[in-house]
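Here is what each chain is made of, one letter per residue.
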Amino acid sequence: MSASEVQRSPSRPDVASTSARSFAPTRALRPKAKLLPEHARGHNRSLVLQTLYRSGPCSRADIARTTGLTRVTVSDLVAELIGDGLLEELGQREESRPGKPATLLDLRRDAFVILGLDLSEHSGFSGAVLDLDGHLLAREEVALDGSTGDAALDRVITLVGRLVEHAGPTPILGLGVGSPGVVDLGGVVLTAPNLGWEGLPLQETLHERFGVPVVVANDANAAILAEHGFGGAAADAMLIKIGHGVGAGLLLDGRPMYGSRFAAGEIGHVVVGTDGGEVCACGKRGCLETWLSIPRLERALAAVQGDERDRVLEQAGERLGIALAPVVGALDLGEVILAGPTGLLDGPLAAAALETIRSRTMSEFHGDLSLRMSTLGQDIVLRGAAVMVLSGQLGVS
Ligand SMILES: [Zn+2]
């Protein structure tokens, strides 16, 4: 094939641009793939759905103005989305201006439900039926009773079965699952030691069993999506989820970061400091979890009285700050969010963590870093699971 043929070939744009480049080839930051017409259509569908999801009822003209799509394209997409049962016409808007009143459209918010699971608590699994706006309509729980492996998986299946019954005849948009451990982008739980899961294809197993779209992600990654979707988190933020273990979810430029081995945010077993510390479940000494996990904190607090309690909490916060300062500095984060028991985390612990991060980073850039508690409480992973379904099925968030 000659160079001119390459340049004429519509399917090989990268080859053509390479041949015209005068510098030595470098690695592209992002894979460059041609945007195919069907991708563009999917993208534009998501733009329409996103506009309605966030703004509420609006007209075809409003959508065109907001998205920058032509009115013809919007009308065409709206017809298709009404045909798919996702949108409905609400009637005509009262207009003060002369002319034909516009017809308002909205998502059919009560036509679908989302199922969400939180598998991150060591006492039991919880699940919920949610509407498209992330409100919980029904809740279910199953005790774990220390079960692991297939027995734990059976309990997940029991829980989903009960949620499907709650959903009744309402179509299920999808099932979102926040699982502990390291989860790849295909929903395989690569490792979740507390549940005894290694290479468990949870997403595929649940999809085959229940026949609905399923998305499985790490619980802290689900939690940061909930904070972004419903809790007002900034586009560059880190959420530290503190419970039985310690994990983190990272959002950079509004996108979740998973890492090359899907283990981004696994900071619980990072050793903090060079002065030793307690032996961790992983065998090392002084991991962040040994200072901060809730069972360890409760044990340390039970051994002291009065003012010493604050000192224990401050120490834990200080270690958290030591672990986070390089991350805040390297990624230029604007916001750190703590999710876990407010009674323990909010107060001396959070204050010491913020003070430590500030004292260890560049004040002119990171002095205005905010560190706050999540406002979403115990439902944070369930609501994050709903965000994953909304984003995966409708492209909205
Ligand atoms: Zn460890």
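My aim in this report is to walk through the structure given alongside it, one point at a time. All values reported here derive from a predicted model rather than from experimental measurement.

Points about the nonpolar core
Judged by nonpolar contacts, the single largest core of 34 residues is most densely connected at Met 238, Ile 240, Leu 320, Leu 338 and Leu 349. The element that contributes the greatest number of residues to this core is helix H11 (residues 307-331), accounting for eight residues. Excluding residues within four positions of it along the chain, Met 238 makes contact with Ile 224, Ala 248, Gly 249, Leu 250, Ile 267, Leu 324, Val 327, Leu 333, Glu 335, Val 336 and Ile 337. Counting residues in each nonpolar core, the second largest holds 31 residues, with Val 142, Ala 152, Ile 172 and Trp 197 among its members.

Some thoughts on helix H15 (residues 380-394)
If you check H15, its first and last C-alpha atoms are 21 Å apart, about what 15 residues at 1.5 Å a residue would give, namely 21 Å. Counted residue by residue, H15 has 12 buried out of 15 residues, so it is predominantly covered. All of the buried residues along H15 are Ile 380, Val 381, Leu 382, Arg 383, Gly 384, Ala 385, Ala 386, Val 387, Met 388, Val 389, Leu 390 and Leu 394. One or two steps after H15, the chain reaches Gly 395, where phi turns positive at roughly 75°.

What about the coordination of the zinc ion?
The reference angle at a metal is 109.5 degrees if four donors form a tetrahedron and 90 or 180 degrees if six donors form an octahedron. The zinc ion binds to the protein through His 269 (ND1), Cys 280 (SG), Cys 282 (SG) and Cys 287 (SG); the donor distances cover 2.1 to 2.3 Å. Taken in chain order, the donor set of the zinc ion reads H-x10-C-x1-C-x4-C. The class of Cys 280 is buried, set by a relative accessible area of 7%. Residue Cys 287 is classed as buried on the basis of its relative accessible area, which comes to 0%.

Rules of the game
Residues numbered from 1 in each chain as written. Predicted model: local features only at pLDDT ≥ 70, side-chain atom pairs only at ≥ 80, totals over all residues. Heavy atoms only, no water. Core = buried A, V, L, I, M, F, W, Y, C linked by side-chain atoms within 4.5 Å. Buried < 20%, exposed > 50% of the residue type's maximum accessible area, 1.4 Å probe, protein only. Helix = DSSP H or I, 4+ residues; strand = E, 2+ residues; numbered from the N terminus. Contact = heavy atoms within 4.5 Å. Expected span 1.5 Å × (residues − 1). Donors = N, O, S within 2.8 Å, 3.2 Å for Na, K, Ca; no water.

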